[in-house]
Amino acid sequence: MKKTVLITGGAGFLGSHLCDRMLAEGFRVIAMDNLITGNADNIAHLMGNPDFEFVHYDITNYVHIAGDLHYILHFASPASPIDYLKLPIQTMKVGALGTHKILGLARAKGARVLVASTSEVYGDPLEHPQTEGYWGNVNPIGFRGVYDEAKRFMEALTMAYHRYHGVETRIIRIFNTYGPRMRLDDGRALPAFVGQALRNEPLTVFGDGSQTRSFCYVSDLVEGIYRLLMSNETEPVNIGNPAEITILQFAEEILRLLPESTSKIELRPLPADDPKVRQPNIDKARALLGWEPKVGRAEGLEKTLDYFKQTVKQPA
Ligand code: UDP
C-alpha cells in the first residue's frame, strides 16, 4: 500500500515540483490548490496518473481528506511581493487560518507535516548571513508584513501543535528559489528581468541595485525539503544557496545570457522594507541532512531561461 501525501499549493511553482518528486518516491499524491496564484498547467502532465489527484480547494476552510494520510507538505500561499501586495488578506488567511486547518488535519490523521516558512521571517536582517537562531527584524505593518507575520505566526502555531499535541512537524525556511514553472508575471527579480529582456524592454532594477539575494535552483530546494521531511528535526532549518549576488549584478548576468536582447538597465525606486541583504547560513542543513546545493547559477539559469523562452513563444 502506497503512503499518501497531501501537498497544499500543489499547483504552484514549488508545490508542483514536490508533486513530481513525491510521485517519483512512490507516494500517492493529493494536490490541493485554489489556483489564485497557482496554475493548473504546472500539474497538467500528472492528470490521469492513478496515484495523483487534484482538488480545487481553499484550505482556509475546513479540510476533509477521506482515508489515511501520512504526510502533508504545506506550501499554499502567495509568495512573491507583488502577489501578497495584491492579495494581502488571502496571504494572512492562508498562513494563519490555512495553517490551523492543516495542523488540525495532521493531528486528526496522525500525519507528519512540513510547513513552508521563509527567509522573510528574518525581515531586513541585522545578522548576516542568517542563521536559524536569528529572530529577525520585521516591520509588522509594512507591505511585506502580511507575508512575514503570517509565516511567523505559522511557525509559532506549528511549534505549539508539536509541543502541545505532539504532532510530528518540520519547518523549512526557504530562501530565494528559481527554476521552471515560475510565473513570468510574478514580479520577482528573475522572471521580471527575463521577461523584460525577451521583450527588449528596460530591466527595472529597484534602488541602486546594491541589495543582495542568494538564488537556489529548484531541484536543490526539493532535495532539501525531502531530506528534512524524512529527518527528525523539529526546529526550523534554512534551505537555500549561499552564493550571494547584488541585484544589479544579477540583471547584468541575465543580459549576458540573452545577448540577442537590446534591453538596458534602468533604476527605479526601491520598494519600502526591501531587505538590503540576504544569504542563508546552511551549516545546520549540512550537518543534519548532509545537504548542500549542487546546481550553480550558470547551470540553473540556463535551464530556467530555456523554460521562459518556450513560455514567451507560446501564444497567450
Ligand atoms: N527587484 C528589482 N526589480 C524587479 C523586481 C525585483 O530590482 O523588477 C529587486 C527587489 O527590489 C529585491 C530583489 O530584486 O531587492 C529580489 O526581489 P524579489 O521580488 O525577487 O524577491 P524578494 O527577495 O525581495 O522577496
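Predicted model, so just to flag it, every value in this text is computed and none were measured.

About the thresholds
- Residues numbered from 1 in each chain as written.
- Predicted model: local features only at pLDDT ≥ 70, side-chain atom pairs only at ≥ 80, totals over all residues.
- Heavy atoms only, no water.
- Pairing = 2+ DSSP bridges.
- Helix = DSSP H or I, 4+ residues; strand = E, 2+ residues; numbered from the N terminus.
- Axes fitted to C-alpha atoms, helices over the stretch in contact; angles between N-to-C directions.
- Contact = heavy atoms within 4.5 Å.
- Near = heavy atom within 4 Å.
- Polar contact = N/O pair within 3.5 Å; in protein donor to acceptor, adjacent residues only side chain to side chain.
- Nonpolar A, V, L, I, M, F, W, Y, C, P; charged D, E, K, R; others polar.
- Core = buried A, V, L, I, M, F, W, Y, C linked by side-chain atoms within 4.5 Å.
- Buried < 20%, exposed > 50% of the residue type's maximum accessible area, 1.4 Å probe, protein only.
- Expected span 1.5 Å × (residues − 1).
- Phe/Tyr/Trp six-rings, centres within 6.5 Å; stacked < 30°, edge-to-face > 60°.

Asker: Help me understand the sheet that holds strand 4 (residues 71-74) in this model?
Answerer: Sheet strands associate in pairs through backbone hydrogen bonding, adopting either a parallel or an antiparallel arrangement. With parallel pairing, seven strands are arranged side by side in an open sheet as 3-2-1-4-5-6-11. Each of the sheet's edge strands pairs with one partner strand only, and the pair in question is strand 3 (52-56) and strand 11 (237-239). Direction aside, neighbouring strands of the sheet carry axes that sit 20 degrees apart on average. Bridging between strand 1 (residues 4-8) and strand 2 (residues 28-33) involves five bridges; their strand directions are parallel. Bridge assignment links Ile 7 to a residue of strand 2, and that residue is Ala 31. Set on the sheet, helix 4 (residues 145-165) makes contact with strand 4, strand 5 (112-118) and strand 6 (169-174); between it and strand 5 the angle comes to about 155 degrees.

Asker: What is the right way to read the site of the ligand from this model?
Answerer: The environment of the ligand is made up of 17 residues, and the closest members are Thr 204, Phe 206, Arg 213, Asp 274 and Arg 278. Between the ligand and the protein, one listed contact pairs an oxygen atom with a side-chain N or O atom of Gln 211 at 3.0 Å. The side chain of Arg 278 places a nitrogen or oxygen atom 2.7 Å from an oxygen atom of the ligand. Listed by contribution, the elements that provide at least two residues to the shell around the ligand are helix 5 (189-198) and strand 8 (203-206). Class assignment of the residues belonging to the shell around the ligand gives a composition of seven nonpolar, four polar and six charged.

Asker: Teacher, can you tell me more about the nonpolar core here?
Answerer: Generally speaking, nonpolar side chains in soluble globular proteins are found buried as a group. If you look at the biggest cluster of nonpolar residues, it comprises 57 residues, and the most contacted ones within it are Met 22, Leu 73, Phe 75 and Leu 190. The element best represented in this core is helix 6 (residues 218-229), accounting for seven residues. Residues contacting Leu 73, with those up to four places away along its chain left out, are Val 5, Leu 6, Ile 7, Thr 8, Leu 18, Met 22, Leu 114, Ile 225 and Leu 229. Ranked by size, the runner-up nonpolar core spans 23 residues in total, among them Ile 30, Leu 69, Ala 76 and Ile 171.

Asker: Would you explain unusual backbone geometry in this entry?
Answerer: Across the chain, the bulk of peptide bonds are trans and the bulk of non-glycine residues have phi less than zero. The omega angle of the peptide bond from His 128 to Pro 129 is -10 degrees, so this bond is cis rather than trans. Relative to the assigned elements, Pro 129 resides in the loop between strand 5 and helix 4. Phi at Asn 200 is positive, roughly 60 degrees, even though this residue is not glycine. You can call Asn 200 partly exposed: its relative accessible area is 41%.

Asker: What should I look at first to understand helix 4 in this one?
Answerer: In an α-helix, one turn spans 3.6 residues; hence positions three or four apart end up facing the same way. The terminal C-alpha atoms of helix 4 lie 28 Å apart, and with 21 residues this matches the ideal 30 Å at 1.5 Å per residue to within 8%. Here the buried face of helix 4 lies against strand 4, helix 2 (81-86), helix 3 (88-109), strand 5 and strand 6. Taken from the residues just after helix 4, Gly 166 is the one with a positive phi, measuring 70 degrees.

Asker: Any chance you could explain the packing of aromatic side chains here in plain terms?
Answerer: We describe a pair of aromatic rings using the distance from one ring centre to the other and the angle between the two ring planes. The final tally for this structure, using the stated rule, is nine aromatic pairs. Ring geometry for Tyr 122 versus Tyr 134: centroids 6.0 Å apart, planes at 20 degrees, classification stacked. In this pair, Tyr 122 sits in the loop between strand 5 and helix 4 while Tyr 134 sits in the loop between strand 5 and helix 4, placing the two residues twelve residues apart along the sequence. Using a relative accessible area of 1% as the deciding quantity, one classes Tyr 122 as buried.

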